[in-house]
Every structure is written in C-alpha cells, then in structure tokens.
Amino acid sequence: MKKNAGLNKRVVLGLAFVVLLGFPLVASNRYQVHVVNMAGLYILMSLGLNLAMGYCGQINLALGAFWGVGAYTAALLNTRLGMPIWINMPVAMVLTGIVGALVALPMLKVKSHYLALVTIGLGETINIILVNETGLTGGPLGISGIQMPSLFGIPIDGDERFYYLVLVCVVIGFLAARQMMKHRIGRSFIAIRDNDVAAKAMGVNTAKYQIMANSIAAVYCGVAGVLYAHMTTYISPDIFEFKSALFVLTLTLIGGMGSLAGSVVGGLGLPIIQELLRAIGNWQLVGFGLAIMLVVLFMPGGVMGLTRRLEEAGGIRWPWARKRIHEKPELEGPNVSRP
Amino acid sequence: MDNVSLFLQTLVGGIGIGSLYALVALGYSMIYRSMGLVNFAHGSIYMIGTYLGIIWYRGMVMGLQVPYGVAFVIGILLTAGLGLILERIFRPLANMDLMLMLLGTIGLGYVLDNLAVIVWGAEGFAVKSPLPETPIMIGGVALLPQMLLLISVSAVLMIGLNVFLAKAKIGKAMRAAAQDRETASAMGIPVNRTNALTFAIGAGLAAAAGILAAPIVYVNPAMGSAVGLKGFAAFILGGAGSIPGAIAGGLTFGVLEAISAGFISSAYTKGIAFVIMIVVLMFRPGGIVGEVTVDKV
C-alpha cells in the first residue's frame, strides 16, 4: 500500500512536470499563456498570504499594495536606471520585505476585524501614495516602456518564454514555503495562530514571528510585482489595491487556507475559471459571487479541505497524500468551542 | 471669506458626509451586535438601497414618478425586505471564522454589485435634488439645502433608533438577544426573528443614507465600495458593536476627511484619514467607545 502510494506520487509528479513544461507549446494562443502566467503570479501572492494568514493567523489585506511596491521598484529601476530584472528582483525583495516589516508594526497591537481594517488602511495608504507622487510614480497614468528581460543574450520576450521564468519562481517559492513550514519558523507560526498567548508563554517571540510572517508575505508579493512589471511592460496604480488583495484572499480560501497546495489549486483554478466564463459578461461575476458563497457555506475548508474530508470519510488515498502535521484543521462551521 | 467661516464650512461638510458614514456604520454595528457577523456586503446593500429608492423618484419603473419623500420610504422598505432575505442566507455564516465571514459576505457583494450593473447599467446618473440647488448663507457659511436635509434626517433616524432600542419592547428584545443569545432565547425572545429585524433595520438605514446622499454624490453601481469601506472604518473606529460608537466614528471620520481635504492636502484626503484611524487604533485597540479587553488563553 505504502509503496504503491509512493509510486503513484512519482507518476503524478512526473506527469505534472511534463504538463508544466509542455504547456506553452500546446496552448492554442498567446492569451492562454498570459492567463496562466497571471495565475502564476496569483499563486505566488497566495503562498505569501497563506504563510501569513493560514499559518500565522495574521489577516493581511494590504497585499495589493506590496504587489505594487514590488512592481514600481522594478519599473523605476528599469526605466530610470536601465537595470535588468536580475538586479531588480533582489532589490525589490529586500525593499518589500522592509515595507512588510514596517507595516507589521502597527499590526502587533490589534486583532481580528480591527487588524483587518488596519491592513486595509495601510494598503490603501500605500496605493494613495502611488497615485499622488506623480513625479516618482507617474501618478494615475503609471509607468510604461519597461523592458522585458533577457538571459545570456536570449530575450525572454513574449508570454511563452516568460512562462518559464514565472514557473521557476513559483516552484522556488513553493519549495521555500514548504521548507520554512518544516522549520522552527513554521512551528512558531502555527503556535501563534492556534493561540498567541499560549505561544508567548511557551517562549515563542510572537512579535518577531508576526513581523516575519508579514515580511515574508510582502516578499512573495514583491516577487510577483517584479514579474508583473517586466511581463506587461506597463503598470498603473489601479490594480495594486484592495480589490486585488480580496481576489488573492478569495482564491486562497477557495483553494484551502493553511495548505500550500491549496494556494496552487486556488491560484491556478480561479483565474482560469474566470477567463473561461468571460463570455457571459456580468453574469460571470454574479456566478463568481454565488460560487464564493456556496464554497463558504458548504465547503468551508476550500478544495483542499474537501479532498481531506473525502480521504477521511471514504478511505480514498490521494497520490499526493502525506502526513499533514502542519496544516490547519479545516475551518469548521459553528465553532462553539472556540475561545 | 475669513478663516473661521472657512473652517465652519468645512466642518458642516464633514458632518454631512460623516452622517452618511454614521448611518452606514450603524448598519454594520447593528448586524455585528446581534449576529456577530461582520457584513462586508454592506456597501453593496447601501448601493442597492440607493437604487431601490431613486428609481421611483426618477420614474425609472414603468414611468411612474413619485415625490422624493415617497421614494425615500419605498426605498427603505424594499431594502429592509431585502435585508430579511439576506439574514436568512447568512444565518449559518454568523458562527464561522472571521475569514469565512469576510469571504461569504464579499461573495454576496459581488452578486449584488453585478446584478445592479445588469439591471441598471454600469454608467450611473446624477440625481436632481428635490430642494433648491442654491446654497443658503448663514453667517458667511454657504449650506447646500440637500446637505442640511441629509444632516437633519440622519440625526432624526439616529435618535429614533436609540429611543427604539431603549424603549420599545422589540428594541429591548433586540438588545437582549445581542447581549446573550442563549439567555435571551430562554426568556422567550425569538432570537432568529429579532436578528432578522436587526438586519432589516441595518439595511434600511443604509438605504436611507444612500437616498439622502444621492443628489450630492453620483449614483452608480460602484458607489458602494468606497462608502462601505469608510462606513466599516467608522464602525471599527467607534468600537465594533457599539451604537453610539458607530455614530461617533462616522462623524469623526467624515470631519477628519473634510478637514484634511480642506486644510492639509486634497490629494491625500483618504490617506490622512486612514493614517489617523490607524494611530487611534494603536492607542485604543478597541475603538473610541469600545472597552479595553484583556487577552486570555
């Protein structure tokens, strides 16, 4: 049984590898690849959110702004100083990490809906700065003419080639997140999420890890921002706002909060479903809203919660199943016993 | 115009827009108190409420044009009815994790916003005030009649709500149900029904705010998100679940916004208001009126 599962896992991983590598070759048009690239960026942001919110319990609705800080850093370094993406990426990571840590300071004092509001306010404030500092950011018009990157003289132009860059970043981001969660950091995050007072009593430096969680989330969004700026070659402040943070939150919850695989499922699934339904116009968004409500009311653990529930109920063993010690128990409906 | 009257002018404008926020914040507060639900779709309910009233005033339903006052009442009643239905949908959400609550009500907001686009179009329209458009001058301060109407009717509604909650039997039942669900239902209070009524009142107040403000702002399906966010800010600023807190929070937020727009920087209005709010929350994490709680395991 166990051996069989291991074999299955390898087969699934192998198939996934082939599909991922071959996707741009079989895609019927460039736009499809573009949608998947955007999904990749959402996966990155969702991973960041999952670390901060799913594992460390820190609600964060300022993600759109972190995404913007990353994108603007890359755009400014590239258009003003001609820096390539390979320099912009680490610079933006450091910068968004610092911004994320600074933003986390006022977040230490407040909790639950108060925390939600503080993060919304901080995100909006950063967005307002992007809109109004016209001299630096180009104001509402944004910045255009950002160059696409090249590697060893090979230009990474067009969505098909950019796809592989996004893929590499997503894979690295996923593995890094998984590694962090196996480490002391992950255990501290989970202790804080489950009960911050108890964690503190046990000697976990809660403030340090809360700041770290937000900083890491910001870095993930910063990476997505740099990729976005170099991919679309044009950025404007209107997408780096609350709405984007909500979209990332939605896809993370639908995928499964507290499960890294959930980030991948939601991040890939939701943008693609949205694209498929684009033809029916505004009814698509009505359906989107209804779908969210149905998921929340009937499937509160998201897709990953559902697979887990099937696993427990029917004894189904998924090929990717493993011991899940670090994942959050599914969010339950009525939780009378919650303190 | 001297500085004093300029300040007064700004203050009145702030109180006007602040009463709008306060009415919206009251909706958040009523629903939170009774159901423990943070309703992020409240901005959308405000937008729908505005439409449900204004369509009668503008003769958009079968060419039937009614006076502003009648449209105001129809709009509030229809939105309150919508609130009754929505309460039924969200009853199970009230006991869930904050994140799920957030997401479920946001989902509802998506549905309402886009249904509005489908039914009434995305463009929106300006609404003519039923009162004269020329400002009245009082002691060097120019006041728009519609703004005065907004302030006075909001004040009446807020006082009325407080009296209702304090004196009326149903109002008392609503407060009891908000305080302790189990005990209230043991005392024979139909908790689900009082909750539904609370939700309906919250929705009706949002509609009232929207219809009163419609001639000042521009009516369109996207109007709910900004007001919803600021109403939420006012609700939190005042202290989640507190009725006087919601009113204080709304007025504070409106005045802060107007003063920062008038005297500091109009470009950074929203930003300054948010920054002040964050600072307030850092020193009083439970809001202005909210109590200070101690963390327990």
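The structure displayed is predicted, hence computed values, not measured ones.

**Focus on the overall build of chain A**
Step number 1: When helices and strands are counted, chain A shows 14 helices and four strands.
Step number 2: Looking at chain A residue by residue over its 339 residues, the buried ones come to 49%.
Step number 3: Considering only contacts within chain A whose residues lie at least 6 apart along the sequence, 78% involve residues at least 24 apart.

**Quick look at the overall build of chain B**
Step number 1: Each helix and strand in chain B was counted, giving 11 helices and two strands.
Step number 2: Listed by position from the N terminus, the elements making up chain B come as α-α-α-α-β-β-α-α-α-α-α-α-α.
Step number 3: The C-alpha radius of gyration computed for chain B amounts to 19 Å, which stays within 12% of the reference 19 Å derived for 297 residues, consistent with globular compactness.
Step number 4: Principal-axis analysis of the C-alpha atoms places the extent of chain B at approximately 60 × 50 × 35 Å.
Step number 5: Split into buried and exposed, the 297 residues of chain B put 53% on the buried side.

**Examining the interface of chain A and chain B**
Step number 1: Chain A puts 40 residues into the contact, and the matching count from chain B is 39 residues.
Step number 2: Mapped onto the side of chain A that touches chain B, the elements with two or more residues apiece are helix H5 (112-132), helix H9 (196-201), helix H11 (242-255) and helix H13 (282-298) of chain A.

**What about helix H8 (residues 184-194) of chain A?**
Step number 1: Within H8(A), the full set of buried residues consists of Ser188(A), Phe189(A), Ile190(A), Ala191(A) and Ile192(A).
Step number 2: Tucked inside the fold, the buried residues of H8(A) contact helix H2 (30-55), H9 and helix H10 (206-232) of chain A.

**Details of the confidence of the model for chain A**
All names here are of chain A.
Step number 1: Residues with a pLDDT of 70 or more make up 89% of chain A, whose mean pLDDT is 80.
Step number 2: Mean pLDDT values over the elements of chain A span from 71, in helix H14 (residues 302-314), up to 90, in H10.
Step number 3: Overall, residues 332-339 carries pLDDT values under 50, and its contacts beyond four positions in sequence, including any with other chains, amount to eight contacts.

**Here we look at the nonpolar core**
Residues and elements named next belong to chain A.
Step number 1: Counting 205 residues, the largest nonpolar core has Met45 and Leu63 as its most contacted members.
Step number 2: No other element matches the 17 residues that H10 contributes to this core.
Step number 3: Discounting chain neighbours no more than four positions away, the residues touching Met45 are Leu63, Trp67, Tyr220, Cys221, Ala224 and Val248.

**Quick notes on the environment of Gly210(B)**
Step number 1: Position of Gly210(B) relative to the elements: it lies in helix H8 (residues 191-213).
Step number 2: C-alpha separation for the pair Gly210(B) and Leu20(B), spaced 190 residues apart in sequence, amounts to 7.7 Å.

**Focus: the confidence of the model for chain B**
Interpreting fine coordinate detail is not advised for predicted regions of low pLDDT.
Residue and element names in this part refer to chain B.
Step number 1: Within chain B, residue pLDDT values average 83, and 97% of them lie at 70 or more.
Step number 2: Mean pLDDT values for the elements of chain B range from 76 in helix H11 (residues 269-283) up to 90 in helix H2 (residues 42-57).
Step number 3: Reported for the predicted complex are a pTM of 0.79 and an ipTM of 0.76.

**Looking at the packing of helix H5 (residues 145-167) of chain B against H8(B)**
Residues and elements named next belong to chain B.
Step number 1: Look at H5 against H8: their axes get within 9 Å of each other, and the N-to-C directions meet at 165 degrees. Regarding the angle of H5 to H8, the classification is roughly antiparallel. The handedness of the crossing between H5 and H8 is right-handed. On the side of H5, the interface is formed by Leu149, Leu150, Val153, Ser154 and Leu157, while H8 contributes Leu205, Ala208, Leu212 and Ala213.
Step number 2: Classifying every residue of the contact of H5 with H8 gives eight nonpolar, one polar and no charged.

Calculation criteria
Sequence order as written defines the numbering, with residues in each chain counted from 1. The lettering of chains begins at A and the numbering of ligands begins at 1, in the order of writing. Per-residue local features are limited, in this predicted model, to residues with pLDDT of at least 70; the limit for side-chain atom pairs, both in listing and counting, is 80 or more; totals at the level of whole chains, interfaces and linings are taken over all residues. Only DSSP runs of H or I covering at least 4 residues are called helices, and only runs of E covering at least 2 are called strands; the numbering of each starts at the N terminus. As a rule, residues whose C-beta atom has 12 or fewer other C-beta atoms within 10 Å are exposed, those with 20 or more are buried, and those in between are partly exposed; C-beta atoms are placed from the backbone. Residues are defined as contacting one another if the C-beta atoms placed from their backbone atoms lie within 7 Å. The size measure is the radius of gyration over C-alpha atoms, and the globule rule it meets is 2.2 Å times the number of residues to the 0.38 power. Every residue gets a pLDDT, meaning the predictor's confidence in that residue, from 0 to 100. Note on terminology: a nonpolar core is any set of buried Ala, Val, Leu, Ile, Met, Phe, Trp, Tyr and Cys residues joined through C-beta atoms within 7 Å. Note on geometry: axes are lines fitted to C-alpha atoms, helical ones only across the stretch in contact, with angles between N-to-C directions running from 0 to 180 degrees. When an angle is under 35 degrees it counts as roughly parallel; over 145 it counts as roughly antiparallel; between 65 and 115 it counts as roughly perpendicular; any other value is oblique. It is the rotation of the near helix from the far one that decides the hand of a crossing: anticlockwise by less than a right angle makes it left-handed, clockwise makes it right-handed. Charged means Asp, Glu, Lys or Arg here, nonpolar means Ala, Val, Leu, Ile, Met, Phe, Trp, Tyr, Cys or Pro, and polar covers whatever is left, Gly included.

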